[in-house]
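One letter stands for each residue in the lines below.
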Amino acid sequence: MSTPATPPRSLAEALRTRDDASLAALLRTRPDLITPVPTDLTQLATRAGTRASVVRALERLDRFTLQTAQALAVAADPAPYDELLGLMAGDARDPAVVHALPRAVAALREQALVWGGDDRLRLVRTARELLAPAPQHPSPTGLGPTVAEATAGMSPGRVQELVTAAGLPSTHDPVSAVAALTRLFTSRRRMKSLLAGAPEESLEVLNRLVWGPPYGQVTADPAARLRWLIDRGLLLPTAPGTVVLPREVALHLRAGRAHREAEPVAPAVEAKATHRPQVVDAAAAGQAYTALATVEELLKDWDEGGPAVLRAGGLSIRDLKRTAVALDLAEPVAAFWVELAYAAGLLASDGEADERYAATPAYDEWLQLPAARRWTHLAETWLTATRTSGLVGGRDAKERTLSALGPGLDRSAAPEVRHRVLTLLAALPEGASPSAESLLARLRWERPPRGTGGGAPQSDDDLRSRLARWTLDEAESLGVTGRGALSGQGRALLGAAKGTGTAAGSAAAAKGAVAGGAVAKDTPSDAGDKLPVHHRAPAPPEPLSPAEQAVASAAAARLLAPLLPEPLDHVLLQADLTAVAPGPLQRPLADVLDVLADVESKGGATVYRFTPGSVRRALDAGRSASDLHDFLTAHSRTPVPQPLAYLIDDVARRHGHLRIGAASAYVRCDDDAVLSEILADKRSAGLRLRRLAPTVLAAQADPAALLDGLRAMGFAPAAESADGDVVITRAHAHRTPPRTAPEPVPDGPPTPDTTLLSAAIRAIRAGDRASTTPLRTTPSPTGELPRTGSAETLATMQAAVLTGTTLWIGYVNAEGSASQRVIAPIRVEGGFVTAYDHTADEVRTYPLHRVTGVAELAEG
């Protein structure tokens, strides 16, 4: 497009001067503008100026770009570039600000927050209203109203008194008097002369107000130091007992700067320590292995039905503490693993009347994956999840405690913060771990906390800072980082999530650059809104496709797999009724051993202990004594110790000797002496047993309580069914119905891909052409599409086929919905017109009887 001969008079006109690449960059950075797709550029401009959209755009500016917008809000409207430069760089013209300001202005133009050439920069009206100083919401610049604004309600006589006290000649009207005061306060030489005669105490008052807030309180009879300032208009009354420092005076005292300290350069992320990459990867792999073991142990603990679901949803504090003790972790760390397993779809509520948490069928499928693939599934889930475990134990807006797995834990900013933290780690040299303070400072520069002034030091209380700190801890626990530095598998996985670090990521970054308009051009910077590429703000990379994500995830798994310990198929049995697993065990061996023995200790090697209870558990699961002997012989590198063989045989000999069924409950045994022994034992009193027959006892306790009671007395009873068969209780039996993992809460509309952007821009261009192009025919007085008869419509269509003319038609579909179309007819026959539809960017066929009117578009 060529540079317009006249400057744009509105944002819509400025958008019309943009090329498709520039519009794509706008819609990519502000995706809410195409939800739904605007009908034309005028509607796009209107939507870009709405309060909700402008607030969202301002919140996503970096600190220096936001400072630039704040400076424009206190500048003239429109403001020349030199005035903005003076407000940002001051009289001294800070070279760093001079160098960075074109980028900031380009970013504001790119996002349609500023429009116009460098001689007439205009901040969109809504942004000016949000950022301009007002008593109700002071400007982050700390500046107050102008002289004209502060004296708007002042009497003409009082204005003339101010002019006289400032040493200026009287004027005939208050407008010229205010203009004379403004010229005085904006003249560096004359202001320096005026302040040279000020008392020292008066200058101290000005120094206290100069950087804001600009308002002060005075009494009915001000002190001499205040009276001197008030008489000369250096302090102006705004309300009874309140004075304000005019903006022009403050800018003189600030040497022209709108901000105390402009921050044109992003703070660097500093490396705190550097390790060899091999050490980092090994440490991260160790954490990854621990992460898998922790999730498996958690869900194994909940296999028979986990904690109950609270009435309001979530896990009780008591159950979280119990889980933390079982995992030997701190409660916040246990909450993280519980939330991660839930977000990954590995656990959920079972939906029963007595609702409890349990593993899902997806957990069994997850267990069958190789260890590296199981880890990438957890890591990918963590990167995209919006549930934030760090909030557990805190309070919501209604002062209710936030519980693990409960409502209120979603924070839509969490994925973006995690991605950004890892991207900053990826920018450091390999093996370098960052300083947390410098990392937080960088994040606060890139996205200043809401409601803070530009350049002001920030606390770590804002949500993004807390999310960043949690990200560093969680990445270390998960094995994405090792010793604080991003691991090799973390870099590969980041390519799947962020578009960096892998070949697929580089391709996505390149696509984002093209969509953002990275085409070399030598366009002057004052050419309206058509920007040179070196002044354009970088567009965010296009999200990776599922195929590209799968490729990067597979690359991460390949890097991690060699670093994980190889599962073993054997243990070492010892004479003290223990077994030592010198490493991770293969799945079948680990599952059986978990039933047959109890874990005594963990670490580099896991120690299992065999007890009568654990052996009975294996027998209850359907194993026979011979099965257990064969299993241990096959999987032990040492001979089966005699005490262990005796333990198995002794428990097996007594197992099932007693049978318990439902009467309420009964005990039957072929040996009546055993039943007599039970009746004589004082510990059986609570079971309320009585003999029904020599080999049968009846109990008023339920079968489960009877089983537990007799086992506590040292017997080994077995449950039986109504048919008299032994009931086999298999481990890992309880699963929820199929459940889908919770969907992340989106942070606004998703970033559109290239296909959607192209279609949206075509539709907007076509609609804009239809609404702005003059017609050859005379428009109707109401501005509606001209109505034409059937004969005229047919003749116009046939002529357009011969001449290649583009037509504007009105069309009513079969449902009765009317729409406007811009078409280029190709063929007219059989009562239909086949044409290229510019709005849909495809060839379509329309029935002629549904075309309400037709008009030719003017050439060009």
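Residues numbered from 1 in each chain as written. Predicted model: local features only at pLDDT ≥ 70, side-chain atom pairs only at ≥ 80, totals over all residues. Heavy atoms only, no water.

### Describing the overall build of the chain
Short version of the rule: Secondary structure elements follow DSSP: runs of H or I no shorter than four residues count as helices, runs of E no shorter than two count as strands, and numbering proceeds from the N terminus. Relative accessible area decides the class of each residue, using a 1.4 Å probe on protein chains only: under 20% of the type maximum gives buried, over 50% gives exposed, and in between gives partly exposed. Residue contacts are counted whenever heavy atoms from the two residues lie within 4.5 Å of one another.
For the chain, the count of helices and strands is 34 helices and 25 strands. Burial analysis of the chain (860 residues in total) assigns 48% to the buried set. Counting contacts in the chain only where the partners sit at least 6 residues apart, residues at least 24 apart contribute 66% of the total.

### Overview of helix 2 (residues 20–29)
In terms of burial, helix 2 is largely enclosed, as seven of its 10 residues are buried. Every buried residue of helix 2 is accounted for by Ser22, Leu23, Ala24, Ala25, Leu26, Leu27 and Arg28.

### Considerations on the nonpolar core
What counts, and what does not: What makes a nonpolar core is a set of buried Ala, Val, Leu, Ile, Met, Phe, Trp, Tyr and Cys residues whose side-chain atoms join them at distances within 4.5 Å.
If you look at the biggest cluster of nonpolar residues, it comprises 90 residues, and the most contacted ones within it are Phe185, Leu234 and Leu235. With seven residues, the single largest contributor to this core is helix 5 (residues 63–74). Val269, Trp302, Leu478 and Ala557 belong to the second-largest nonpolar core, a separate cluster that totals 67 residues.

### Digging into the sheet that holds strand 22 (residues 818–829)
Applicable threshold: Here a strand pair is declared whenever DSSP counts at least two bridges between the two strands. Think of each axis as a best-fit line through the C-alpha atoms, taken over the contacting stretch in the case of a helix, with angles from 0 to 180 degrees between the N-to-C directions.
The five strands are arranged 24-23-22-21-25 in an open sheet whose pairing can be described as antiparallel. A strand with exactly one partner marks an edge of an open sheet, and here the two such strands are strand 24 (842–847) and strand 25 (851–856). In this sheet, neighbouring strand axes are inclined to one another by 45° on average, regardless of whether the strands run parallel or antiparallel.

### Some points on the sheet that holds strand 3 (residues 215–217)
Spatially, three strands are ordered 3-5-4 in an open sheet, and the strand pairing comes out antiparallel. The two strands at the open ends of the sheet, each matched to only one other strand, are strand 3 and strand 4 (236–239). Averaged over all adjacent pairs, the angle separating strand axes in this sheet is 40°, with direction ignored.

### Examining the packing of aromatic side chains
Let me state the cut-off plainly: Planes of paired rings set the category: under 30 degrees apart is stacked, over 60 is edge-to-face and the rest tilted, where pairs are Phe, Tyr or Trp rings (Trp by its six-membered ring) whose centres lie within 6.5 Å. Counting as a charge over the ring demands two things of the Lys NZ or Arg CZ atom: a distance within 6 Å of the ring centre and an angle within 35 degrees of the ring normal.
This structure, assessed with the given rule, holds four aromatic pairs. Geometrically, the ring pair formed by tyrosine 811 and tyrosine 846 is edge-to-face, given 4.8 Å between the ring centres and 65° between the ring planes. One end of the pair, tyrosine 811, is in strand 21 (residues 807–812); the other, tyrosine 846, is in strand 24, and 35 residues separate them in sequence. In terms of burial, tyrosine 811 and tyrosine 846 fall into one category: buried. One cation-aromatic arrangement involves arginine 374 over tryptophan 366; the distance from NZ or CZ to the ring centre is 5.5 Å.

### Quick notes on the pairing of strand 23 (residues 832–837)
Of the strand pairs in this sheet, strand 22 and strand 23 are connected by six bridges, and their pairing is antiparallel. Looking at the pairing, isoleucine 823 lines up with aspartate 837 of strand 23. Hairpin connection, strand 22 to strand 23: the antiparallel pair is bridged by two residues, and glycine 830 has positive phi, about 60°. Where strand 23 and strand 24 come together, six bridges link them in antiparallel fashion. Residue alanine 835 lies in a different strand from strand 24, and its bridge partner there is arginine 844. Taking the residues between adjacent antiparallel strands as the criterion, strand 23 and strand 24 are bridged by four residues, where aspartate 841 takes a positive phi near 55°.

### Side note on the environment of arginine 442
Among the secondary structure elements, arginine 442 is positioned in helix 22 (residues 436–446). Linking arginine 442 and glutamate 270, residues 172 residues apart in sequence, is a C-alpha distance of 10.0 Å. Ignoring any residue separated from it by four or fewer positions in sequence, one finds arginine 442 in contact with Ala266, Pro267, Ala268, Val269, Arg420 and Leu424.

### Brief notes about helix 20 (residues 371–384)
What counts is decided by this rule: To estimate how far a helix should reach, multiply one less than its number of residues by 1.5 Å.
Between the first and last C-alpha of helix 20 there are 21 Å, a value that for 14 residues agrees with the 20 Å anticipated at 1.5 Å per step. All buried positions along helix 20 are accounted for by Ala372, Arg374, Trp375, Thr376, Leu378, Ala379, Thr381, Trp382 and Leu383.

### Structural notes on the pairing of strand 14 (residues 598–601)
In regular strands, side chains alternate between the two faces of the sheet. Two strands pair when backbone bridges link them, and strand 14 and strand 15 (residues 606–609) are joined in this way by three bridges, in the antiparallel orientation. Across the sheet, the residue bridging to serine 601 is valine 607, located in strand 15. Joining the antiparallel neighbours strand 14 and strand 15 is a turn of four residues, in which glycine 603 adopts a positive phi near 150°.

### Brief notes about the confidence of the model for the chain
Rules: For every residue, the predictor states its confidence as a pLDDT score lying anywhere from 0 to 100.
Per-residue pLDDT for the chain has a mean of 83; in total, 88% of the residues score no lower than 70. In this model residues 453–460 is a low-confidence stretch, pLDDT under 50, and it forms 22 contacts with partners more than four residues away in sequence or in other chains.

### Regarding the side chain of aspartate 837
As a reminder of what qualifies: Any N or O atom pair separated by 3.5 Å or less is treated as a polar contact, with the protein-specific requirement of one donor-capable and one acceptor-capable atom, and with residues adjacent in sequence counted only for side-chain atom pairs.
Looking at where aspartate 837 falls in the secondary structure, it is placed in strand 23. Judged by relative accessible area, which is 0%, aspartate 837 ranks as buried. Within polar-contact distance, the side chain of aspartate 837 engages the side chain of arginine 821 at 3.4 Å. If we ignore the near neighbours within four places in the chain, the residues touching aspartate 837 are Arg821, Val822, Ile823, Glu842, Arg844 and Tyr846.

### Topic: the pattern of salt bridges
Threshold: Salt bridges, as used here, are contacts in which a Lys or Arg side-chain nitrogen is within 4 Å of a carboxyl oxygen on Asp or Glu.
A complete count under the given rule lists 32 salt bridges for this structure. Where arginine 63 meets glutamate 263, a salt bridge forms, and the shortest distance between an N and an O atom there is 3.3 Å. With arginine 63 in helix 5 and glutamate 263 in the loop between helix 15 (247–253) and strand 6 (271–274), this pair connects stretches of sequence that are 200 residues apart. With relative accessibility at 6%, the residue arginine 63 sits in the buried group. For glutamate 263, a relative accessible area of 15% translates into the label buried. Its salt-bridge partner being glutamate 829, residue arginine 827 comes within 3.2 Å of it at the nearest N-O pair.

### What to know about the packing of helix 13 (residues 200–209) against helix 14 (residues 224–231)
Using the following cut-off: Angle categories: roughly parallel below 35 degrees, roughly antiparallel above 145, roughly perpendicular from 65 to 115, and oblique for all the rest.
The interhelical angle for the contact between helix 13 and helix 14, taken along N-to-C directions, is 70°, at an axis separation of 8 Å. One way to sum up the angle between helix 13 and helix 14 is to call them roughly perpendicular. Of helix 14, the residues touching helix 13 (which contributes Glu201, Ser202, Val205 and Leu206) are Arg225, Leu226, Trp228 and Leu229.

### Quick word on the environment of aspartate 301
With respect to the helices and strands, the residue aspartate 301 is situated in helix 16 (residues 277–301). A relative accessible area of 46% means that aspartate 301 is categorised as partly exposed. Remark: the alpha-carbon pair of aspartate 301 and threonine 323, spanning 22 residues in sequence, is separated by 8.5 Å.

### With respect to the packing of helix 21 (residues 414–427) against helix 23 (residues 463–478)
To keep it simple, the criterion reads: Helix crossings get a hand from a simple test, with the near helix turned counterclockwise from the far one by less than a right angle marking a left-handed crossing and a clockwise turn marking a right-handed one. Residue polarity is assigned by list, with Asp, Glu, Lys and Arg as charged and Ala, Val, Leu, Ile, Met, Phe, Trp, Tyr, Cys and Pro as nonpolar; anything else, Gly included, falls into the polar class.
For the pair helix 21 and helix 23, the least separation of the axes is 9 Å and the interaxial angle reads 60°. When the axes of helix 21 and helix 23 are compared, the crossing they make is right-handed. Residues Ala414, Glu416, Val417, Arg418, Val421, Leu422 and Leu425 of helix 21 touch helix 23, and the partners they reach there are Arg464, Leu467, Ala468, Thr471, Leu472, Glu474 and Ala475. Its residues assigned to classes, the contact of helix 21 with helix 23 shows nine nonpolar, one polar and four charged.

### With respect to unusual backbone geometry
Proline 36 follows threonine 35 through a cis peptide bond whose omega is 0°. For the bond running from aspartate 77 to proline 78, omega is 0°, close enough to zero to count as cis. Among the structural elements, proline 78 can be located in the loop between helix 5 and helix 6 (81–89). Phi angles above zero are rare outside glycine, and aspartate 328 is one such case at about 60°. Inspection of the secondary structure assignment puts aspartate 328 in the loop between helix 17 (317–327) and helix 18 (331–343). With phi around 65°, leucine 577 is a residue other than glycine that occupies positive phi space. Examined against the element boundaries, leucine 577 turns out to sit in the loop between strand 12 (572–574) and strand 13 (578–581).

### With respect to the environment of arginine 654
When you line up the elements, arginine 654 lands in helix 30 (residues 642–654). When its relative accessible area of 32% is taken as the criterion, arginine 654 is described as partly exposed. When the C-alpha atoms of arginine 654 and phenylalanine 715 are compared, they prove to be 7.5 Å apart, with 61 residues separating the residues in sequence.

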